[in-house]
Amino acid sequence: MIQRDENRYAGAKLGIWLFLFTEILLFGGLFLLYAAYLSQYPHEFASAGHEMQLAFGFANTLVLITSSMLAAMSLTAVQLREQRKALIMLGATIFCAIIFLVNKYFEWSSEINSGFYPNSPRLATGPMGEALYFSLYYLTTGLHGLHVLIGIVLLTLVSVKVSHGTIHAGNYVLLENSALYWHLVDLIWIFIFPLYYLVL
Amino acid sequence: MALEKHETGVHVISYKVLMMVWLTLMILTGLTVWVSRQDLGVGHILGSLAIAVAKGGLVIAFFMHMSFEGRLLRWLLFVALLTLAVFIGFTFFDLAYR
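As a convention, each chain's residues are numbered from 1 in the sequence order in which they are written. Lettering for chains starts from A, numbering for ligands starts from 1, and both go in the order in which the items are written. Thresholds applied to this predicted model are a pLDDT of at least 70 for local features of residues and 80 or more for the giving and counting of side-chain atom pairs; totals over whole chains, interfaces and linings are not thresholded and use all residues. Side-chain measures here rest on the full set of heavy atoms in the structure, leaving out hydrogens and waters.

### So, the nonpolar core
Residues and elements named next belong to chain A.
Logical step 1: Within the largest apolar cluster, 89 residues are counted, with the highest numbers of intra-cluster contacts made by W17, Y34, F134, Y196 and Y197.
Logical step 2: Ranked by residues supplied to this core, first place goes to helix α7 (residues 173-198) with 17 residues.
Logical step 3: We call two residues in contact when some of their heavy atoms are within 4.5 Å. Leaving out residues up to four positions away in the same chain, Y196 has contacts with Y34, M52, Y133, L136, Y137 and T140. Throughout, nonpolar core names a set of buried Ala, Val, Leu, Ile, Met, Phe, Trp, Tyr and Cys residues whose side chains join them through atoms within 4.5 Å. Here's how the labels work: a residue is buried when its accessible area is under 20% of the maximum for its type, exposed when over 50%, partly exposed in between, all with a 1.4 Å probe on protein chains only. By the criteria applied, helices consist of DSSP H or I runs no shorter than four residues and strands consist of E runs no shorter than two, each listed in order from the N terminus.

Structural data, given as structure tokens:
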């Protein structure tokens, strides 16, 4: 019986990692597209990149790294049978995720108000490379933002299960897998941040 | 003691270790912003990506517990990253010699 539980645990863990690999390849494709366009339109990418506001990206990097640590701590707490602490950590993780999205909302609003959005008059009449940069920027950060949203739903579900005691020191694979998903969201952002905000 | 062995043989990463990793990630984030402000030319991209890889490695190794996983998951991660590297490498092989 114990053997079967351990197999199930290992299977669940393998499953989430295989899923995460497909996510890495998905975002990897977008990073590849970024690199290919950058080598084709270096000057246009540089001028478009200078329109980005570093403060937004920097703040969101700090928020996401912190939330990732909190998610990891919630797993430690459950393993140490500190259910209350785990709940607080999960709540703080979700809070950080919401801050991230609010920040993103203000960032996108400011960019859209400056006339940078797909097919905007400013981009449609400007050089091709700049339009490509912003299309790719909205696609990549939008897809990442969708992952943040899914992460919030997932972590909320996990919090409910922790508070009901369905997730505990003897069975926490759902918490562990949700945390792994959340760390992936952080991992992707760690690469988005330098590519879109710093290197150009 | 950084690591405690759980009774079921599962690794528990202490709060202290997680906070140390967080602190390192924060310092690396500050460093990458500082590097981007220096006049390095193409060194910007290489420097920023090197720091991003270091940060990603820390997240995978500690937050995602990969340094305590078995051989299967480590090899699968290696294969996934190798696949990505082949995609990106071959694209640039093509772009560079067009």
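### A few points about unusual backbone geometry
Logical step 1: With phi around 60°, R81 of chain A is a residue other than glycine that occupies positive phi space.
Logical step 2: Along the polypeptide, R81 of chain A turns up in the loop between α3 (54-79) and α4 (83-113).
Logical step 3: Residue H65 of chain B is not a glycine yet carries a positive backbone phi of 65°.
Logical step 4: Locating H65 of chain B in the fold gives a position in the loop between α2 (43-63) and α3 (71-96).

### Topic: the interface of chain B and chain A
Logical step 1: Taken residue by residue, the interface counts 46 residues in chain B and 48 residues in chain A.
Logical step 2: Contact between chain B and chain A buries roughly 4,000 Å² in total, counting both sides, with carbon and sulfur atoms accounting for 79%.
Logical step 3: A per-residue breakdown of the area chain B buries against chain A is headed by Y15, F63 and M64 of chain B, which together make up 17% of the total.
Logical step 4: Each reported salt bridge corresponds to a side-chain nitrogen of Lys or Arg within 4 Å of a carboxyl oxygen of Asp or Glu. The interface formed by chain B and chain A contains 1 salt bridge.
Logical step 5: The residue E69 of chain B makes a salt bridge to K13 of chain A at a minimum N-O spacing of 2.7 Å.
Logical step 6: Throughout this description, a polar contact denotes any pair of N or O atoms lying within 3.5 Å of each other; where both atoms belong to protein, one of them has to be capable of donating a hydrogen while the other can accept it, and for residues adjacent in sequence the pair is counted only when both atoms sit in side chains. Seen at the junction of chain B and chain A, the total is 5 residue pairs in polar contact (both at pLDDT 80 or more).
Logical step 7: Counting only elements with at least two residues in the side of chain B that touches chain A, the list comes to β2 (11-13), α1 (15-36), α2 and α3 of chain B.
Logical step 8: Residues are grouped as follows: nonpolar covers Ala, Val, Leu, Ile, Met, Phe, Trp, Tyr, Cys and Pro; charged covers Asp, Glu, Lys and Arg; every other residue, Gly included, is treated as polar. Counted by class, the side of chain B that touches chain A contains 29 nonpolar, 12 polar and 5 charged residues. Summed over both partners, the accessible surface that disappears when two parts come together, traced with a 1.4 Å probe, is what is meant by buried area.

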